[in-house]
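Structural description and commentary
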Amino acid sequence: MSKHVIALDVDDVLMENVSLAAELVGVDPGVIDAWDLTKVVGLTDKQRSDMYALWRTEAFVKCQQPYAGAEDFVNRLIEAGYEVIVASSVPPEVMSARGLAIRGFFPNIPERNIMLGGSKRLLNVDVLVDDNPGNLGGCAKHGILFAQDSNRGCSAPYPRTNSYEKIFELIREYTT
Ligand SMILES: [Mg+2]
(Lines give C-alpha, C1' and ligand atoms only; values in the text may rest on other atoms or scores of the structure.)
Protein backbone atom coordinates (compact mmCIF):
# COMPACT_ATOMS: atom_id res chain seq x y z
CA MET A 1 0.00 0.00 0.00
CA SER A 2 1.33 3.44 -0.85
CA LYS A 3 2.07 5.81 1.93
CA HIS A 4 -0.32 8.54 3.00
CA VAL A 5 1.07 11.93 2.02
CA ILE A 6 1.13 14.77 4.52
CA ALA A 7 1.95 18.29 3.28
CA LEU A 8 3.21 20.78 5.84
CA ASP A 9 3.39 24.52 5.30
CA VAL A 10 6.62 26.05 6.58
CA ASP A 11 5.94 29.70 7.43
CA ASP A 12 4.02 29.90 10.70
CA VAL A 13 3.55 26.13 10.86
CA LEU A 14 7.10 24.80 11.22
CA MET A 15 8.97 28.11 11.45
CA GLU A 16 8.18 31.52 12.88
CA ASN A 17 7.31 34.04 10.20
CA VAL A 18 4.70 36.78 10.59
CA SER A 19 5.49 37.63 14.21
CA LEU A 20 9.21 37.79 13.42
CA ALA A 21 8.64 40.08 10.44
CA ALA A 22 6.33 42.27 12.52
CA GLU A 23 8.92 42.65 15.26
CA LEU A 24 11.62 43.52 12.74
CA VAL A 25 9.56 46.40 11.36
CA GLY A 26 8.62 47.62 14.84
CA VAL A 27 5.06 46.30 15.02
CA ASP A 28 3.45 44.50 17.96
CA PRO A 29 2.82 40.99 16.50
CA GLY A 30 -0.57 40.92 18.24
CA VAL A 31 -1.74 43.62 15.83
CA ILE A 32 -1.61 41.16 12.90
CA ASP A 33 -5.15 39.83 13.11
CA ALA A 34 -5.67 38.82 9.47
CA TRP A 35 -3.68 36.65 7.11
CA ASP A 36 -4.03 39.30 4.40
CA LEU A 37 -2.00 42.28 5.64
CA THR A 38 -4.11 44.68 3.59
CA LYS A 39 -6.95 43.84 5.99
CA VAL A 40 -4.95 44.57 9.15
CA VAL A 41 -6.15 47.98 10.33
CA GLY A 42 -3.34 48.46 12.86
CA LEU A 43 -0.62 48.56 10.18
CA THR A 44 0.57 51.67 8.38
CA ASP A 45 1.21 51.45 4.64
CA LYS A 46 4.94 51.76 5.35
CA GLN A 47 4.92 48.93 7.88
CA ARG A 48 2.96 46.73 5.50
CA SER A 49 5.30 47.37 2.57
CA ASP A 50 8.31 46.83 4.84
CA MET A 51 6.96 43.41 5.83
CA TYR A 52 6.32 42.46 2.21
CA ALA A 53 9.84 43.59 1.32
CA LEU A 54 11.36 41.54 4.16
CA TRP A 55 9.75 38.39 2.83
CA ARG A 56 11.72 38.82 -0.39
CA THR A 57 15.09 38.94 1.34
CA GLU A 58 17.39 36.02 1.97
CA ALA A 59 18.51 37.72 5.18
CA PHE A 60 15.04 37.33 6.64
CA VAL A 61 14.69 33.69 5.62
CA LYS A 62 18.06 32.98 7.20
CA CYS A 63 16.81 34.51 10.49
CA GLN A 64 13.80 32.22 10.74
CA GLN A 65 13.99 29.44 13.28
CA PRO A 66 11.82 26.35 13.70
CA TYR A 67 9.24 26.27 16.47
CA ALA A 68 10.04 24.13 19.48
CA GLY A 69 8.92 20.59 18.72
CA ALA A 70 8.71 21.10 14.95
CA GLU A 71 11.52 18.72 14.06
CA ASP A 72 10.23 16.09 16.49
CA PHE A 73 6.77 16.40 14.92
CA VAL A 74 8.18 15.88 11.42
CA ASN A 75 10.28 12.92 12.55
CA ARG A 76 7.34 11.37 14.36
CA LEU A 77 5.27 11.48 11.17
CA ILE A 78 8.09 9.93 9.15
CA GLU A 79 8.63 7.20 11.75
CA ALA A 80 4.89 6.47 11.68
CA GLY A 81 5.22 5.73 7.96
CA TYR A 82 3.91 8.92 6.39
CA GLU A 83 5.38 10.55 3.29
CA VAL A 84 6.04 14.06 4.54
CA ILE A 85 6.41 16.90 2.09
CA VAL A 86 6.89 20.57 2.82
CA ALA A 87 4.87 23.02 0.77
CA SER A 88 6.24 26.53 0.99
CA SER A 89 4.99 29.43 -1.10
CA VAL A 90 8.01 31.67 -1.28
CA PRO A 91 9.03 34.07 -4.04
CA PRO A 92 11.88 33.07 -6.37
CA GLU A 93 14.25 35.52 -4.66
CA VAL A 94 14.44 33.31 -1.58
CA MET A 95 13.87 29.80 -2.88
CA SER A 96 17.45 28.68 -2.40
CA ALA A 97 17.63 30.06 1.13
CA ARG A 98 14.33 28.41 2.02
CA GLY A 99 15.32 25.07 0.54
CA LEU A 100 18.63 25.11 2.39
CA ALA A 101 16.91 26.08 5.65
CA ILE A 102 14.50 23.16 5.33
CA ARG A 103 17.33 20.77 4.58
CA GLY A 104 19.27 22.08 7.58
CA PHE A 105 16.50 22.07 10.14
CA PHE A 106 14.59 19.01 8.89
CA PRO A 107 17.27 16.68 7.54
CA ASN A 108 14.93 13.69 7.43
CA ILE A 109 12.75 15.30 4.78
CA PRO A 110 14.22 14.21 1.44
CA GLU A 111 15.04 16.93 -1.07
CA ARG A 112 12.52 15.52 -3.51
CA ASN A 113 9.80 16.35 -0.96
CA ILE A 114 10.63 20.05 -0.76
CA MET A 115 8.03 21.83 -2.88
CA LEU A 116 8.45 25.57 -3.23
CA GLY A 117 6.35 28.29 -4.68
CA GLY A 118 3.45 26.34 -6.11
CA SER A 119 -0.23 26.68 -5.53
CA LYS A 120 -0.91 24.48 -2.55
CA ARG A 121 -4.52 24.09 -3.58
CA LEU A 122 -3.27 21.87 -6.41
CA LEU A 123 -1.56 19.42 -4.06
CA ASN A 124 -3.37 16.10 -4.20
CA VAL A 125 -2.34 14.97 -0.74
CA ASP A 126 -4.09 13.27 2.13
CA VAL A 127 -3.66 16.10 4.63
CA LEU A 128 -2.47 19.70 4.25
CA VAL A 129 -1.52 21.66 7.38
CA ASP A 130 -1.41 25.42 6.78
CA ASP A 131 -2.05 28.67 8.65
CA ASN A 132 -3.56 30.37 5.60
CA PRO A 133 -7.19 29.30 5.23
CA GLY A 134 -7.00 30.27 1.56
CA ASN A 135 -4.62 27.39 0.93
CA LEU A 136 -7.07 24.82 2.29
CA GLY A 137 -10.10 23.53 0.45
CA GLY A 138 -8.30 22.57 -2.75
CA CYS A 139 -7.21 19.09 -3.81
CA ALA A 140 -6.09 17.96 -0.36
CA LYS A 141 -8.48 15.40 1.12
CA HIS A 142 -8.26 16.99 4.59
CA GLY A 143 -7.18 20.40 5.81
CA ILE A 144 -5.95 21.44 9.24
CA LEU A 145 -5.66 25.15 10.03
CA PHE A 146 -2.59 25.87 12.11
CA ALA A 147 -3.74 28.41 14.69
CA GLN A 148 -2.07 31.82 14.57
CA ASP A 149 -3.22 35.31 15.54
CA SER A 150 -3.57 36.01 11.82
CA ASN A 151 -6.36 33.43 11.46
CA ARG A 152 -8.05 33.78 14.85
CA GLY A 153 -11.23 35.17 13.29
CA CYS A 154 -11.39 32.47 10.64
CA SER A 155 -14.69 30.66 10.30
CA ALA A 156 -13.44 28.12 7.75
CA PRO A 157 -14.64 24.58 8.44
CA TYR A 158 -11.32 23.05 9.47
CA PRO A 159 -9.96 21.99 12.82
CA ARG A 160 -7.82 24.86 14.15
CA THR A 161 -4.95 24.16 16.53
CA ASN A 162 -1.29 24.94 17.04
CA SER A 163 -0.59 21.74 18.98
CA TYR A 164 1.64 19.32 17.08
CA GLU A 165 0.30 16.56 19.30
CA LYS A 166 -3.28 17.36 18.34
CA ILE A 167 -2.34 17.64 14.65
CA PHE A 168 -0.66 14.24 14.80
CA GLU A 169 -3.83 12.76 16.34
CA LEU A 170 -6.01 14.33 13.63
CA ILE A 171 -3.73 12.95 10.90
CA ARG A 172 -3.98 9.48 12.44
CA GLU A 173 -7.73 9.84 12.57
CA TYR A 174 -7.95 10.90 8.90
CA THR A 175 -5.69 8.16 7.59
CA THR A 176 -6.81 5.05 9.48
MG1 LIG B 1 2.14 29.74 6.34
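Since the structure is predicted, the reported quantities are computational estimates derived from the model, not experimental observations. (Residues numbered from 1 in each chain as written. Predicted model: local features only at pLDDT ≥ 70, side-chain atom pairs only at ≥ 80, totals over all residues.)

Details of the overall build of the protein
Filter applied, for reference: Helix and strand definitions follow DSSP, with helices as H or I runs of at least four residues and strands as E runs of at least two, each counted in order from the N terminus. Two things to know: the radius of gyration comes from C-alpha atoms, and the globule rule equals 2.2 Å times the number of residues to the power 0.38. The burial label depends on the number of other C-beta atoms within 10 Å of a residue's C-beta. Counts of 20 or more mean buried, 12 or fewer mean exposed, and intermediate counts mean partly exposed, with C-beta atoms placed from the backbone. Here, residue contact means that the backbone-derived C-beta atoms of the two residues sit within 7 Å.
Of regular secondary structure, the protein possesses six helices and six strands. Written out in order from the N terminus, the α and β elements of the protein read β-α-α-α-α-β-α-β-β-β-β-α. Compactness check: the protein gives a C-alpha radius of gyration of 16 Å against a globular reference of 16 Å for 176 residues, within 12% of the reference. Along the first, second and third principal axes, the C-alpha set of the protein runs to 50 × 35 × 30 Å. For the protein, buried positions account for 32% of its 176 residues. Considering only contacts within the protein whose residues lie at least 6 apart along the sequence, 58% involve residues at least 24 apart.

Here we look at the domain arrangement of the protein
What counts here: Segment limits for the domains were obtained from an automatic or database-derived domain assignment. Gly is put with the polar residues, along with every residue not named as nonpolar or charged; the nonpolar set is Ala, Val, Leu, Ile, Met, Phe, Trp, Tyr, Cys and Pro, and the charged set is Asp, Glu, Lys and Arg.
If you check the domain split of the protein, you get domain 1 (5-16 + 65-175) and domain 2 (18-62). Taking the mean C-alpha position of each, domain 1 and domain 2 sit 21 Å from one another. In this assembly, 16 residues from domain 1 lie in contact with 13 residues from domain 2. Looking at side-chain class alone, the side of domain 1 that touches domain 2 contains five nonpolar, five polar and six charged residues.

Observations regarding the environment of Ser 96
Tracing the sequence through the fold places Ser 96 in helix H5 (residues 95-105). A C-alpha to C-alpha distance of 9.8 Å links Ser 96 and Val 61, two positions 35 residues apart in sequence.

Thoughts on helix H6 (residues 164-175)
One full turn of an α-helix is made of 3.6 residues, so residues set three or four places apart face in the same direction. Using the following cut-off: The span you would expect from a helix comes to 1.5 Å times its residue count less one. Read the arc as the range of directions from the helix axis to the C-beta atoms.
Taking 1.5 Å of rise per residue, 12 residues should cover 16 Å, and H6 covers 16 Å from first to last C-alpha, within 8% of that figure. Among the residues making up H6, those that are buried are Tyr 164, Ile 167 and Ile 171. Around the axis of H6, the buried residues are gathered within 55° of arc, so they sit on the same side. Exposed side chains of H6 directed beyond 90 degrees from the buried face belong to Glu 165 and Glu 173. Considering only its buried residues, H6 is in contact with strand E1 (5-9), helix H4 (70-79), strand E4 (127-130), strand E5 (142-146) and strand E6 (160-161).

Observations concerning the pairing of E1
Heads up, the rule is: DSSP-based pairing: two strands are paired if at least 2 bridges between them are found.
By the criterion of burial, E1 is predominantly enclosed, with four of the five residues buried. Note that E1 and strand E2 (residues 83-88) share five bridges and pair parallel. Residue pairing across strands places Val 5 opposite Glu 83, the latter belonging to E2. Alignment of E1 against E4, held across three bridges, turns out to be parallel. Bridging across to E4, Ile 6 finds its partner in Val 127.

Details of the nonpolar core
The cut-off we apply is this: By definition, a nonpolar core groups buried Ala, Val, Leu, Ile, Met, Phe, Trp, Tyr and Cys residues that are joined through C-beta atoms within 7 Å.
Grouped together as the largest cluster of nonpolar side chains are 32 residues, with contacts concentrated most on Ile 6, Ala 7, Leu 8, Val 84, Val 127, Leu 128 and Val 129. Put simply, the parts of the chain that give this core at least two residues each are E1, H4, E2, H5, E4, E5 and H6. Residue contacts for Val 127: discarding those within four places in its chain leaves Ile 6, Ala 140, Lys 141, His 142, Ile 144, Ile 171 and Tyr 174. Residues Ala 22, Val 27, Ile 32 and Met 51 belong to the second largest nonpolar core, which totals seven residues.

Side note on the pairing of E2
Formally: Think of it like this: strands point away, you trace from the first strand over the helix to the second, and a clockwise trace means the crossover is right-handed.
Relative to strand E3 (residues 114-116), E2 is paired through three bridges, and the arrangement is parallel. Bridge pairing links Ala 87 to Met 115 in E3. Each parallel crossover has a hand, and for E2 linked through H5 to E3 it is right-handed.

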